[in-house]
Amino acid sequence: MDWITSAQAFAYEWYMWAMPLSGIITIMIPLFLSVAYTTWLERRVIGAMQVRIGPNKVGWKGLLQPIADVAKLAFKEIIIPAGANKVLFLIAPVIMLISAFAAWAVIPFNAELVLADVNAGLLYVLAVTSVGVYGVIIAGWASNSKYALLGAMRSAAQIVAYEIAMGFALVGVLMAAGTMNLGGIITAQQGEYGFVNWFWLPLLPLFLIYFISGVAETNRAPFDVAEGESEIVAGFHVEYSGMAFAVFFVAEYANMLLIAALASIMFMGGWLSPFDGLLSAQTLSIPVLGYFLDNGMHWFFAKIFFFIFLFLWFRATFPRYRYDQIMRLGWKVFIPITIVWIVVVGFMVLGQLSPWWGTAT
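What counts, and at which threshold
Residues numbered from 1 in each chain as written. Predicted model: local features only at pLDDT ≥ 70, side-chain atom pairs only at ≥ 80, totals over all residues. Heavy atoms only, no water. Helix = DSSP H or I, 4+ residues; strand = E, 2+ residues; numbered from the N terminus. Expected span 1.5 Å × (residues − 1). UniProt positions renumbered as here; feature names shortened; annotations may be inferred. Core = buried A, V, L, I, M, F, W, Y, C linked by side-chain atoms within 4.5 Å. Buried < 20%, exposed > 50% of the residue type's maximum accessible area, 1.4 Å probe, protein only. Contact = heavy atoms within 4.5 Å. Salt bridge = Lys/Arg side-chain N within 4 Å of Asp/Glu carboxyl O. Lys, Arg positive; Asp, Glu negative; His and termini not counted. Axes fitted to C-alpha atoms, helices over the stretch in contact; angles between N-to-C directions. Parallel < 35°, antiparallel > 145°, perpendicular 65-115°, else oblique. Left-handed = near helix turned anticlockwise from the far one by under 90°. Nonpolar A, V, L, I, M, F, W, Y, C, P; charged D, E, K, R; others polar.

**Quick look at helix α10 (residues 242–267)**
1) Next: The end-to-end C-alpha separation of α10 is 38 Å, in line with the 38 Å expected for 26 residues at 1.5 Å each.
2) Next: Phi turns positive, to about 80°, at Gly269, one or two residues after α10.

**Describing the UniProt feature "transmembrane region" (unreviewed entry) in the protein chain**
1) Next: What UniProt calls "transmembrane region" (unreviewed entry) maps, in this numbering, to residues 14–40, 87–109, 121–143, 164–186, 198–216, 253–272, 297–317 and 329–350.
2) Next: Here residues 87–109 runs as 70% helix and 0% strand, with 37 Å between its end C-alpha atoms.

**What to know about the nonpolar core**
1) Next: The biggest cluster of nonpolar side chains holds 86 residues, and the ones touching the most others in it are Trp104, Leu182, Tyr210, Phe211, Met266, Phe267 and Ile308.
2) Next: The leading source of residues in this core is α10, at 16 residues.
3) Next: Not counting residues within four places of it along the chain, the set of residues in contact with Phe211 comprises Ile259, Ala263, Phe307, Leu310, Phe311 and Phe314.

**Description of the pattern of salt bridges**
Pairing between side chains of opposite charge can happen when their charged atoms approach one another.
1) Next: Within the structure shown, the criterion is met by 7 salt bridges.
2) Next: For Arg220, the salt bridge identified is with Glu42, shortest N-O distance 2.4 Å. One end of the pair, Arg220, is in the loop between α8 (204–217) and α9 (229–232); the other, Glu42, is in helix α1 (residues 2–49), with 178 residues separating them in the sequence.
3) Next: Overall, Glu42 belongs to the buried group, its relative accessible area being 4%.

**Some thoughts on the side chain of Lys303**
1) Next: Among the secondary structure elements, Lys303 is positioned in helix α13 (residues 297–317).
2) Next: No salt bridge is formed by the buried Lys303; the nearest opposite charge belongs to Asp276, separated by 9.2 Å.

**Section: the packing of α10 against α13**
1) Next: Where α10 meets α13, the axes come as close as 8 Å, and the angle between the chain directions of the two elements is 125°. Classed by the angle they form, the pair α10 and α13 counts as oblique. For the pair α10 and α13, the sense of crossing is right-handed. Along its contact with α10, which presents Tyr253, Met256, Leu257, Ile259, Ala260, Ala261, Ala263, Ser264 and Ile265, the element α13 presents Phe300, Lys303, Ile304, Phe307, Ile308, Phe311, Leu312 and Arg315.
2) Next: Classifying every residue of the contact of α10 with α13 gives 14 nonpolar, 1 polar and 2 charged.

**Some words on the packing of helix α6 (residues 146–177) against α8**
1) Next: One way to put it is that α6 packs onto α8 with a least axis distance of 9 Å and a crossing angle of 150°. With respect to each other, α6 and α8 are oriented roughly antiparallel. Crossing handedness for the pair α6 and α8: left-handed. Listed contacts from α8 to Gln158, Ile159, Tyr162, Glu163, Ala165, Met166, Ala169, Leu170 and Gly172 of α6 are Leu206, Ile209, Tyr210, Ser213, Gly214, Ala216 and Glu217.
2) Next: In terms of residue class, the contact of α6 with α8 is built from 10 nonpolar, 4 polar and 2 charged.

Right, dumping it as structure tokens:
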């Protein structure tokens, strides 16, 4: 009987390790593929907007181009500057990568599919994503390059400014939903009016500020002064090459996907259908059509795709801002507006003045 007990204990221990590991792999592999093909999508979309072809040689419509790019970078030499701090130089991109990917642990893809359904999911996301700024600063300092250090200082100041605005915007969501659980925030947006019940309408100023701040925090155009080639070459990662540079690249696009996912969850209903509460049970029971019209992760992915398209559209449309314009927008415009709207949301929730929060306490 002892060997049976030992086998059961071993099986239970294996199960406790295997289940989280399988969940991590299930999320990470599609996420890496999404990052790779976001680069392909960006080149194709911007090419179409600028009446160019874009990648079209490697595979059908250039679909194998991301794979070729990864192979090219994998075989390139990682050159470490002579005066650089080698340990910190190699750790910096890893910090940014971990910060970008760790937040996905609490992202709910539908009502059941989430790796860690923690009550303080919103607080966890804010804590984890804020670590990325250390990777930027360390990369600029460890490179022993004045250009890299200048780019790091620019990027760090920009990230801090817009992260405050993003944090205040999410405080409004917390007040409206009454919970920090990301699944609970999505559930709080359910109602009989479909997409009108989502937080984008009562929190419209916070929604716009959150997404624009997300574009700025990820150093995407038109806020990419930290890596403005005409001014400071490539910014904080100017001394990086090969896979070390590729890790920065992956972290940037993973952060884009994360901002898009959080914007979908916080303001656009996450996995909720725009027709939630508007369609009858008979309509939802129609094969295939009912599935697509009902709530599900396909709506979540569609919303992420929409926000990613906005990221790409912005890059092809707007000219790069001056650094002083960027900092003024963050400190003197966005932060005051978020503070004022938080007060407005507080009165709306406290007095139950909004139909979206009729059950608020």
